[in-house]
Amino acid sequence: MVDDHISRRKLLTAVGAVGGVAGCSGVLDDGDAGATGTPSPDSPTDTDPGLTEGEITAVEIAPTEPETGEYVDLSVTVANGHDTSSTGTLRVSVGEDVSEHRVTIPADDTTTRTLTAERWQAGTHEVAVELFGASGPVDAAGTTFDVVPTHDAFVEVSGTEFVIDGEPVYYSGGHSGGNLNSRTSSDEENGFEYEYDDAFEGDHYVADFMRYAAAYDMSVIRVVAAAISWAEDSLVHEAPGEFNEAWFELFDTVVAEAKRNDIRLVISPLSHDMNLAPSPGAYAQWSDTVDKDQNRDAIYDSFYEDEQAKQYYKNFLEKLLTRENHITGIEYREDPTILMLECGNEIEYALYDDRGKSLADWYDEIARYIKSLDENHLVGSGMYGSDARNEFVTDHRSEAIDVCSFHLYPKYPNRRDIAEKPYEEDPVHDMSIEEMSDYVERKIETAHSELGKPVILGEFNVPQFPDIYGWDLELRREFFEAMYDAADRADLNGVHAFALTLNEKCTEEVRITDCRAENGIYPDDELLSLITAYGDTVAAKSDASMTE
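Counting restarts for each chain, with residues numbered from 1 along the sequence as it is written. Per-residue local features are limited, in this predicted model, to residues with pLDDT of at least 70; the limit for side-chain atom pairs, both in listing and counting, is 80 or more; totals at the level of whole chains, interfaces and linings are taken over all residues. Computation of side-chain values covers all heavy atoms of the structure but excludes hydrogens and water.

A. View of unusual backbone geometry. Residues A62 and P63 are joined by a peptide bond in cis, for which omega reads -5°. With respect to the element layout, P63 can be found in the loop between β2 (54-62) and β3 (71-80). The residue after F498, namely A499, is reached through a cis peptide bond having omega -5°. The residue A499 is located in the loop between β21 (494-497) and α11 (527-541) in this model. Positive phi, normally seen in glycine, also occurs at D108, with a value near 45°. A run of H or I in DSSP counts as a helix once it spans at least four residues, and a run of E counts as a strand once it spans at least two, with each numbered from the N terminus. Structurally, D108 can be placed in the loop between β5 (97-105) and β6 (110-118). Here's how the labels work: a residue is buried when its accessible area is under 20% of the maximum for its type, exposed when over 50%, partly exposed in between, all with a 1.4 Å probe on protein chains only. Overall, D108 belongs to the exposed group, its relative accessible area being 54%. If you check the backbone angles, E346 has positive phi at about 55° while not being a glycine.

B. Focus on helix α8 (residues 433-451). Between the first and last residue of a helix there are one fewer steps than residues, each counted as 1.5 Å, and that sum is the expected span. Look at α8: 26 Å from first C-alpha to last across 19 residues, which is about the 27 Å you get at 1.5 Å a residue. Along α8, the residues that are buried comprise I433, M436, S437, Y439, V440, K443, I444, A447, H448 and L451. In what follows, residue pairs with any heavy atoms lying within 4.5 Å of each other are defined as contacts. Looking at the packing, one finds that the buried side of α8 touches α7 (392-395), β19 (404-408), β20 (455-460) and α10 (473-489). Phi turns positive one or two residues past the end of α8, at G452, with a value near 70°.

C. The arrangement of the side chain of S271 in detail. Mapped onto the secondary structure, S271 falls in the loop between β16 (264-268) and α3 (280-286). Looking at S271, the relative accessible area reads 12%, which means it is buried. Two N or O atoms count as a polar contact when they lie within 3.5 Å, although within protein this holds only if one can serve as hydrogen donor and the other as acceptor, and sequence-adjacent residues are included solely when both atoms are side-chain atoms. At 3.2 Å, the side chain of S271 forms a polar contact with the backbone nitrogen of D273. Sequence-distant contacts of S271, defined by excluding residues within four places in its chain, comprise V224, A226, L276, P278, S279, P280, N345 and I347.

D. Fine view of the pairing of strand β17 (residues 338-342). Most of β17 sits inside the fold, with 5 of its 5 residues counted as buried. In this analysis, strands are considered paired if DSSP registers two or more bridges between them. Relative to β17, β16 runs parallel, the two being bridged by 3 bridges. Within β17, the residue paired with V266 across the bridge is M340. Note on handedness: a crossover is taken as right-handed if, strands pointing away from the viewer, the path from the first strand over the helix to the second is clockwise. Handedness of the crossover joining β17 and strand β18 (residues 378-380) through helix α6 (residues 360-373): right-handed.

Here you go:
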C-alpha cells in the first residue's frame, strides 16, 4: 500500500476556491478534481499559455495538527503578476501522492485554492506546491504538518478498573448488532444524511453509523467480526484456508471510521452461528474428526474439544490480528482503537442438557492464544453470563481473561434461544425492574469482589413493540433508566446499548414489526437522551477518556 494515504477515492479533491483582495474569486474549471496519474517532472499535464509571472504567496494547513483520519484543508494562495487575468496549473504533492489543478487568477490579484486531504499515518508529512505557466515552472513552495494519533494509548486493567495511562475510565457504549449494512432514511435535524442510491457501498453506512454513535457520547462500540449481512458477500471464512478479502476490507473501514470519530471497539471474532464461519457450528462441520452422524447441536458442541475445529478458529484469529488495515496501515494487534478482543459472542453449549455447564478450558485456551498473537489488547469473554447459559465465575477465572462479560434482555418472554429452550425458563428474560437492577448489581459485585476483574454489560435492550409484548414504551424507558442507575451505583466499567441502527424500512405511520427491528435504537429514539446522559455520568467519574 502507499505509505501516505490521502483518499480511498481520489488523491486530492478540490473542494472550492476563495477570492483574493477586493472580493474577487478565482474560477475553477469543471471536472478539475486532480490527476490520477503521475505528471511529468518538467511540466504539468494541463497548462495554459497565459501565465508567465506569478507567485505562491501562502501554503496553509488546517487544522495545524490533525488526528489520524481527520480531513485536512490545504489552502494554496497564488498571485498574478499580469495586468490581465491568467491561468496556470498547480501541482500539489503530499508525500508520494501527486495531483494537478487548474487555477485562474484575476489581474494583479490573488486566488486561494483549497484542497482536502485525508491522512492516516501519524508523523510528519511534507507538502510541495509548484505553479506552472506558459513556459514551465513559475514558482514553488512547501510546508510540513504533523498528524497525531487519534488513540495513542492502549486501554489496560488495574484491579477492577479500566485505565488509560494509569487513570481510571468508564464508558457508555453501543452495539452495532450486525446492522452496518443498509440504506436508511435521513435524519436532517441532527445533521446526518442517510440516503443512498442503488450503488450503495457498505463503507458509506459505516461512516454515518460511527458519526451517529459519537454524536450521542458513545465512546465504545461492540462489533461481531463474523458473517453479517453488511458485507457485499456475507461469507468471511469461506472454507479452510480461504478468506473473503472483500469482507476484511469492509471491516478495515469499521476500524478506520471508529478511529476517525474517536471511538474504540470491542471486537468479538466468533459468532454463535450454526452454519457460517467464524462460528462453532461451521468449524465443527469442516472438521474431519467430528462425528457428523450426531444431531446439529451435538456437532456444534464438538467444536469445544475438537482440535481441528479449534485450529480453524485460531487460523482466523491469526488472519485478523496480524492483518494490516488497508486504510490506516496499522496491524489490528497494534491499533489502540481496539479496546479489547473477546473470545467469542455468547459462546456456550447448544445441547439442552448441557446448557449452563462450564467451558472454562475452552475460554482459557482461546484467551491464551489471543495473547500469544497480541500483547497489546485486553481479552474478554463475550459470554451471555446467566446461570442458565454459563458458569459465570468458573469460566472467568482464567488469568488470560482480563474482562468479565454479561448480556441482559430482561423482557423476552415470547422468545426462544438457539437450543429451542423457552426464554421464560431462564428468569433473566422475564424480570421486574427491581429484579433487573438487583441482577445487574450482583453481576458487577461478583466480577469485582470475587473475580477481581472489570466487567462490561455487552448487550442490553427491551423490545419496543407494546402490541406484541404487552407493555408500553414508557416501561421500556424505565428499564433503561433503572439499568443505568444500577450501573452507576455499582461502578459498571462499560455498557453497550443494543442495537444502534440507521436502517429505517418504513414511514412513521406504519412503524410496526416489519419496519423496525424490535431491539433497534433509531435516530429518533427517546432512549438516546438516556444514553447521552449516562455518557455524561461516566465522564464525570472518570479521570481519563476513551477518546484519548
